[in-house]
Amino acid sequence: MERKDAVVNKMVTGINYLLKKNKVDLIPGAAKLGETGKVIVELNDGGISELAAENIILATGTKPATIAALGYDGQKVITSNEALILQEVPPELLIVGGGVIGCEFACIFAEMGSRVTIVEAMPTILPFTDRDAARQMQTILKRRGITVKTKAKIERVARTRRESLLF
Ligand SMILES: Cc1cc2nc3c(=O)[nH]c(=O)nc-3n(C[C@H](O)[C@H](O)[C@H](O)COP(=O)(O)OP(=O)(O)OC[C@H]3O[C@@H](n4cnc5c(N)ncnc54)[C@H](O)[C@@H]3O)c2cc1C
């Protein structure tokens, strides 16, 4: 975690430097669109700033889906965001979704000693990639001791005293 934080900080510092060098103004705050050609920014250090531009690009990204039926709580039922700041390796981990991120995190945690299960609703993991590559990946996951359950959907989540995590 210390190394990960150091790498992230270094990259953020590097990007900030590049923005400055290329004369890009970075305004820390939450933006919303105002009237045509206007952006209202609630500044992180207090106050409001109003900007005007001829062209505005919305690049606000995405957030992990927190499906209500899974009972996301950020503690036992988490998203990849919390998985990246865990302070301890969970003994057991169930990953919902065998896409790229699910497979990536399965490998990371299995390597660190977690007993990992992936649940995927489609007939194969990585359903949107090349079929041969997906099959190969499934073999690799099994070889690493990761349990993969395809054509399986989570219907409900029950809390137990076991030290398991779900994301
Ligand atoms: C765990 C994980 C692993 C990934 N691994 C890879 C990988 O290996 N390779 C790869 O290519 N991609 C990977 N991705 C995907 C990649 O992170 C995204 O595709 C990429 O970050 C999308 O870039 P973006 O600029 O569209 O959005 P984002 O990177 O999400 O950036 C959007 C920014 O807008 C800000 N924002 C949102 N709303 C407002 C607002 N109202 N006002 C001001 N700011 C706002 C957000 O705070 C954020 O900083 C991964 C994603 C995850 C979650």
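This text goes with the structure placed above it.
Below, the structure is looked at part by part. Here the residue index of a chain counts from 1 through its sequence in written order. Where totals are concerned, whole chains, interfaces and linings use all residues; where local detail is concerned, this predicted model gives features only for residues with pLDDT of at least 70, and gives and counts side-chain atom pairs only at 80 or more. Side-chain descriptors were evaluated using all non-hydrogen atoms of the structure, hydrogens and water having been removed beforehand.

Next up on the list: the nonpolar core. In this text, buried Ala, Val, Leu, Ile, Met, Phe, Trp, Tyr and Cys residues form a nonpolar core when linked through side-chain atoms within 4.5 Å. Any residue under 20% of the maximum accessible area for its type is buried, any over 50% is exposed, and the rest in between are partly exposed; the area is computed with a 1.4 Å probe on protein chains only. In this structure, I95, V116, L141 and I146 are the most contacted members of the largest nonpolar core, which totals 21 residues. Secondary structure is summarised from DSSP: a helix means a run of H or I of at least four residues, a strand means a run of E of at least two, and numbering begins at the N terminus for each. Contributions of two or more residues to this core are made by β4 (92-96), α3 (100-111), β5 (115-119) and α4 (131-143). Sorting elements by how many residues they give to this core places α3 first, with 6 residues.

It is worth spelling out the site of the ligand at this point. If you check the shell around the ligand, you find G29, A30, A31, A59, T60, G61, T62, S80, I101 and F105 and nothing else. In the analysis that follows, any N or O atom pair within 3.5 Å is treated as a polar contact, provided that within protein one partner can donate a hydrogen and the other can accept it, and provided that, for residues neighboring in sequence, both atoms belong to side chains. One of the backbone nitrogen or oxygen atoms of A31 is found 2.8 Å away from a nitrogen atom of the ligand. Per-residue and other accessible areas follow the Shrake-Rupley method at a 1.4 Å probe size, with only the shown protein chains counted as cover for residues. Coverage of the ligand by the protein amounts to 33% of the 1000 Å² it exposes when considered alone. The set of elements that each furnish at least two residues to the shell around the ligand consists of β1 (29-33) and α3. Per-element accounting of the shell around the ligand gives the leading share, 3 residues, to β1. Here, proximity means that at least one heavy atom of the residue falls within 4 Å of the molecule or strand.

The span expected for a helix works out to 1.5 Å for each residue beyond the first. For α4, which comprises 13 residues, the first-to-last C-alpha distance of 19 Å matches the rise-based estimate of 18 Å (1.5 Å per residue) to within 8%. Within α4 the residues assigned to the buried category are A134, Q138 and L141. For α4, the angular spread of the buried residues around the axis is 65°, confining them to a single face. Facing away from the buried side of α4, by more than 90 degrees, are the exposed residues D132, R135 and R143. Only heavy atoms enter the contact rule, under which two residues are in contact if any of them lie within 4.5 Å. Buried residues along α4 sit against α3, β5 and β6 (147-149). N-cap assignment for α4: the residue whose side-chain oxygen lies 3.1 Å from the backbone N of D132 is D130. With its phi angle positive at about 85°, G145 sits one or two positions after the end of α4. The directions from the helix axis to the C-beta atoms form the arc being described.

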